[in-house]
Amino acid sequence: MQATVALTVTRYRPERESEPTFQTYEVPFRKDWVVLDALNHIKDNLDGSLSYRWSCRMGVCGSCGMKVNGIPKLTCAAFLSDDLPGPVRVEPLDYFPIIRDLVVDLTDFMRKLTKVKPWIIRKEERPLAEGEYLQTPDQLDAYKQFSMCINCMLCYSACPIYGLEPSFIGPAVIALAQRYNMDSRDQGAAERLEILSGHDGIWQCTFVGECTKVCPKHVDPAGAIQQYKLTGAAHWVKSLLLPWGTR
Amino acid sequence: MDLFACDVLVVGGGGAGLRAAIAVAETHPRLRVAVISKVYPMRSHTVSAEGGAAAVIKAGDSLDEHAYDTISGADWLCDQDAVEAFVREAPEEMLRLEHWGCPWNREPDGHIAVRPFGGMKVERTWFAADKTGFHMLHSLFQTTLKYDVIQRFDEYFVTTLLVDEGRCQGVVAIELGTGKIQAITAKAVILCTGGCGKVFPFTTNASIKNGDGMALAYRAGTPVKDMEFVQYHPTGLPFTGILITEAARSEGGWLLNKDGYRYLQDYDLGKPEPKPVFRSMELGPRDRLSQAFVKEQEKDRTLVGPYGHYVHLDVRHLGERVIDKKIPFVRELCLKYVGIDPVKEMIPVRPVVHYMMGGIHTDIHGATPLPGLYAAGEAACVSINGANRLGSNSLTEILVFGARAGKAAAAFAAEQREASSSILDQAQDEQRRLEDTLLHRTGGKERIATLRAEMHQVMEESAGIYRAEAALKKAAEKLQELQERARDVALEDHSYTFNTELTAALELSYMLDVAQMIVQSALERTESRGSHQRTDHPQRDDERFLKHSLAYRAEDGSPRIEYLPVTITRWPPGQRVYGR
């Protein structure tokens, strides 16, 4: 077993560098270590000035997405042993502005997230005193997969369309809109129609499918987009044109 | 210096903070409410909670049963008026979250499904598979997006509270992306910053859990309550400390020692049955299970791996279908992080620091003794968790007391004047401190990581599952030394842009304060109760210690401990009985 592994890491400090450069660090190799452990080793022992985001270290907070040898991954779930003998190249996610080192700017995503109204929309609220909305396990299964998104941004970094058309609302946001559209408690699909079917919505997607490949939570955003294209959009366009119709 | 004024400022964007913000928006829609958080709200540590959230909803259960399980689980140290309010309001809060879209697991007929949990007499834990915290947090966060009145300050790090004329009037914070130092004034501030597991080396807690709010309140003169009570969860994965949810046991998992023996039967926790039995064996309370592990280790009946002693959690007999339906995250985590499949193999586990029962002293409305300052969630101590929290009460707590604190803070804010004019001077002093003593600092000698590692070591040695006077005294001295050395910390990074070395230094200073509170409170409580076990004082002592400890910051910066009686309403102190 090799004793150390080289990590080649993007550095960018806007006060010092006009564009990103790379810096290589030699870190101990341990079988149990993920890329994030190696970054923490650098931060604690070699170079306190390296900046990156992380929090839960169990693949659920969505903070630590980076490119590892060119592939968008959660660094807390990317084992060093998968990339031996190294060097392991660690870069910020593609298509987002870099703030510093491995930290990217999420402002664009946060704005798009709000646009699709990702909350339960009801014509009439049921009073709490009347208890829960009934929802059978099958009805839950209809949207459950799309509710698993941790907003880690890997799908945006993998999406060539987002790279070309920054206004595209993107895989995770569409999957989340579909999560609410498919929820039996929700009645807001018509309100999400304009943004989903508009210029920056689903029709931008050419079904490359990279988003689904990199998704660490098996949300299948490509499937959500396809589902909306095939059934949802047509149905809701009809209901909008013929409001007295099917719904 | 930039100044922003609002009416209610919530510090922390986890479950308690978001619930509080919505409560302000709904009860006082004219108030300007802001949520400030050092991470984007959906990164908050609520996201990691797995098993579920307790609330009485089924026939055959009752509020009194929930209260009794909570109070006996807490070894009688919780305030019973707070527990009664908690169990009463829990069902409505949980239903509200259902209305906001939380994907709770369901019965075949569409009603909410519940599962059993440790220390409970009946099943009352609502769950969203074993990602309950994740779903609750995202449902709450997405719901906040519909309230235009809720303004967010994402990735702002709070460095101090602004206090003048005897009331809390805002905070100073660093915008991480730009390094800009910002004053935010408010007529009421609610601290919802979560726990402090990172003062220990081996914890389920995320890297952001540094006790920020506890230290901020403490420095502002507010007492911090019951800090000696640290919950070890009995089943964490060795090395990573990743939590394997209690649901793995409530669905029927067994804890086995190195001989394949269900060792909990030797610790007054009942007899082994093939199926789970309420308040028995693997469904005993967390403190007792973690203590049993240490005893097994002393008897040399645990296994030993590269990361120390461990036992086995066996869920193989549940079968693949139940595992995938009820505890899919357990399988995912084991496959990804340990390379084992729980369907076919046993899971290595050991006790791991999980939750802080103590926190900022509040009344049942979330108000601290400092006017204008409120707290809720793990950062606070109301108290409903006493000496040992019942599993699945904490997710419900963030809803009930997040909402209560939000409403109370809004009502208070509606009656207040704008911030006093001298507040800006205070904020400028803080700006100078941050820039002169930290950002522009050169020549410090101490490494952050070294100080943190020394703190970790002394906390594990002195304030773990079993404690004694000598080690605690030594720890108090060591922490004082670390505080002094931390003043000479070395910072290589002088950038204003996303400077995580600066925040690491600030977080270390918060953790050292919190560590001192834990150690001093543990040293002075010369009895054993719940999660606080003193080998030199093995008995519970209701005469002297049916009391909350309150840690105040003394002049010299060290904690001074005072005591406050526990509120008893209907359940006089009794013996904790499990397994019979």
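Only a predicted model underlies this, so the values are computations on that prediction, with no experimental measurement involved.

Turning our attention to the overall build of chain B. Tallying secondary structure elements over chain B gives 15 helices and 24 strands in all. Each principal axis of the C-alpha distribution contributes one length, and for chain B these read about 65 × 55 × 50 Å. Counting only residues that meet the buried cut, chain B has 62% of its 580 residues in that class. A separation of at least 24 residues holds for 75% of the contacts in chain B among residues at least 6 apart in sequence.

Turning our attention to the overall build of chain A. Within chain A, the regular secondary structure consists of nine helices and seven strands. Each principal axis of the C-alpha atoms in chain A carries an extent, and together these give about 70 × 40 × 30 Å. The buried share of chain A, reckoned over its 247 residues, is 47%.

Residue and element names in this part refer to chain A. Annotation of chain A at the domain level lists domain 1 (4-104) and domain 2 (107-241). The interface of domain 1 with domain 2 comprises 13 residues on the first partner and twelve residues on the second. Elements that contribute at least two residues to the side of domain 1 that touches domain 2 include exactly strand 3 (65-68) and strand 4 (71-74). For the side of domain 1 that touches domain 2, the per-class residue count stands at seven nonpolar, three polar and three charged.

This part takes up the interface of chain B and chain A. Across the boundary between the two partners, chain B contributes 44 residues, which contact 43 residues of chain A. Those elements that place two or more of their residues in the side of chain B that touches chain A are helix 3 (80-99), helix 4 (132-144), helix 9 (328-338), helix 12 (448-462) and helix 14 (500-524) of chain B. Per element, the largest residue contribution to the side of chain B that touches chain A is five residues, and it comes from helix 3 of chain B.

Pairs of packed helices are described in terms of their axes, by the angle between the two and the distance that separates them. Residue and element names in this part refer to chain B. As a packed pair, helix 3 and helix 10 (residues 394-413) sit with axes 9 Å apart at the nearest point and diverge in direction by 100 degrees. Relative to helix 10, helix 3 is oriented roughly perpendicular. Only T396, E397, L399, V400 and A403 of helix 10 make contact with helix 3, whose side of the interface consists of F86, E89, A90, E93, M94 and L97. Of the residues belonging to the contact of helix 3 with helix 10, the class tally is seven nonpolar, one polar and three charged.

Turning our eyes to something else, we now look at the nonpolar core. Residue and element names in this part refer to chain B. Ranked by size, the top nonpolar core spans 263 residues in total, and within it V8, V189 and I190 carry the most contacts. Take this core: its biggest share by element is 15 residues, from helix 14. Excluding residues that lie within four positions of it along the chain, V8 makes contacts with V24, L31, V33, A186, K187, A188, I190, A409, A410 and A413.

Turning our eyes to something else, we now look at the sheet that holds strand 3 of chain A. Strands in a sheet are paired, the pairing made by backbone hydrogen bonds, and the direction either parallel or antiparallel. Residues and elements named next belong to chain A. Ordered by their spatial adjacency, five strands build an open sheet running 2-1-5-3-4, and the pairing between neighbours is mixed. Of all strands in the sheet, those bounded by a partner on one side alone are strand 2 (21-28) and strand 4. Neighbour to neighbour, the strand axes of the sheet diverge by 35 degrees on average, direction disregarded. Bridge analysis of strand 1 (residues 4-11) against strand 5 (residues 88-91) gives three bridges, and the strand direction is parallel.

Our next topic: the pairing of strand 9 (residues 167-175) of chain B. Two faces make up the sheet, and in a regular strand the side chains alternate between them. Residues and elements named next belong to chain B. For strand 9, the tally of buried residues reaches seven of nine residues, placing the bulk of the element in the interior. With eight bridges joining them, strand 8 (residues 156-164) and strand 9 adopt antiparallel strand pairing. Its bridge partner being in strand 9, T160 is matched across the sheet by V172. Between strand 8 and strand 9, which pair antiparallel one after the other, the connecting turn spans two residues, and E165 there sits at a positive phi close to 50 degrees. Alignment of strand 9 against strand 10 (residues 181-185), held across five bridges, turns out to be antiparallel. Residue V172 lies in a different strand from strand 10, and its bridge partner there is A183.

A separate point is the packing of helix 5 (residues 212-219) of chain B against helix 14 of chain B. Residue and element names in this part refer to chain B. Contact pair helix 5 / helix 14: the axes reach a minimum separation of 8 Å and the direction vectors enclose 75 degrees. Taken as axis vectors, helix 5 and helix 14 run roughly perpendicular relative to one another. Between helix 5, through D212, M214, A215 and Y218, and helix 14, the contact on the second element is made entirely by Y510, D513, V514 and M517. Taken together, the residues that form the contact of helix 5 with helix 14 break down as six nonpolar, no polar and two charged.

Moving on: the domain arrangement of chain B. Often, the extent of an interface is quoted as the loss of accessible area on bringing the components together. All names here are of chain B. Split by domain assignment, chain B resolves into domain 1 (233-351) and domain 2 (442-565). For domain 1 and domain 2, the distance between their C-alpha centroids amounts to 30 Å. With five residues of domain 1 at the contact, the number on the domain 2 side is five residues. Per element, the largest residue contribution to the side of domain 1 that touches domain 2 is four residues, and it comes from helix 7 (residues 286-298). Each residue belonging to the side of domain 1 that touches domain 2 can be placed in one class, and the counts come to two nonpolar, two polar and one charged.

Once that is clear, we can look at unusual backbone geometry. Comment: phi is negative for the bulk of residues other than glycine, and the bulk of peptide bonds are trans. Here the bond from G86 of chain A into P87 of chain A is cis, since omega is -5 degrees, no more than 30 degrees from zero. Within the secondary structure layout, P87 of chain A lies in the loop between strand 4 and strand 5. Here V382 of chain B and S383 of chain B are connected by a cis peptide whose omega angle stands at 15 degrees. Its place among the elements puts S383 of chain B in the loop between strand 20 (380-381) and helix 10. One non-glycine residue, W76 of chain B, lies in the positive phi region at around 65 degrees. Within the element layout of this structure, W76 of chain B appears in the loop between helix 2 (63-73) and helix 3.

The subject of this paragraph is the environment of R301 of chain B. Residue and element names in this part refer to chain B. With respect to the helices, strands and loops of the structure, R301 is situated in the loop between helix 7 and strand 15 (303-305). A sequence separation of 38 residues divides R301 from Y263, and the C-alpha atoms of the two residues are 9.1 Å apart. R301 has contacts with N257, K258, D259, Y263 and E296, leaving out every residue within four places of it along the chain.

With that settled, consider the sheet that holds strand 18 (residues 359-361) of chain B. Residue and element names in this part refer to chain B. If you walk across this open sheet you meet the five strands as 20-18-12-23-24, and the pairing is mixed. The outermost strands of the open sheet, each flanked by one partner alone, are strand 20 and strand 24 (559-565). Here two bridges tie strand 12 (residues 224-225) to strand 23 (residues 547-553), and the two strands are oriented antiparallel to one another. Residue pairing in the sheet places V224 in a bridge with A551 of strand 23. In the packing of helix 14 onto the sheet, the strands contacted are strand 12, strand 23 and strand 24, and the crossing angle to strand 24 comes to about 55 degrees.

Conventions used here
- Each chain carries its own residue numbering, running from 1 in the written order of its sequence.
- Numbering of ligands from 1 and lettering of chains from A proceed in the order in which they are written.
- Whole-chain, interface and lining totals are the exception, using all residues; otherwise, since this is a predicted model, local features are given only for residues with pLDDT of at least 70 and side-chain atom pairs are given and counted only at 80 or more.
- By the criteria applied, helices consist of DSSP H or I runs no shorter than four residues and strands consist of E runs no shorter than two, each listed in order from the N terminus.
- Three exposure classes are used, based on other C-beta atoms lying within 10 Å of a residue's own C-beta, which is placed from the backbone: buried for 20 or more, exposed for 12 or fewer, and partly exposed in between.
- Placing C-beta atoms from the backbone, we regard two residues as in contact once those atoms come within 7 Å.
- Annotation comment: domain bounds sourced from an automatic or database domain assignment.
- Just so you know the grouping, Ala, Val, Leu, Ile, Met, Phe, Trp, Tyr, Cys and Pro go in nonpolar, Asp, Glu, Lys and Arg go in charged, and all remaining residues, Gly too, go in polar.
- Angles run from 0 to 180 degrees between N-to-C directions of axes, and those axes are lines fitted to C-alpha atoms, restricted for helices to the stretch in contact.
- The scheme is simple: roughly parallel for angles under 35 degrees, roughly antiparallel for over 145, roughly perpendicular for 65 to 115, oblique for anything else.
- To count as a nonpolar core, a set of buried Ala, Val, Leu, Ile, Met, Phe, Trp, Tyr and Cys residues must be joined through C-beta atoms within 7 Å.
- The criterion for strand pairing is that DSSP finds at least two bridges linking the strands in question.

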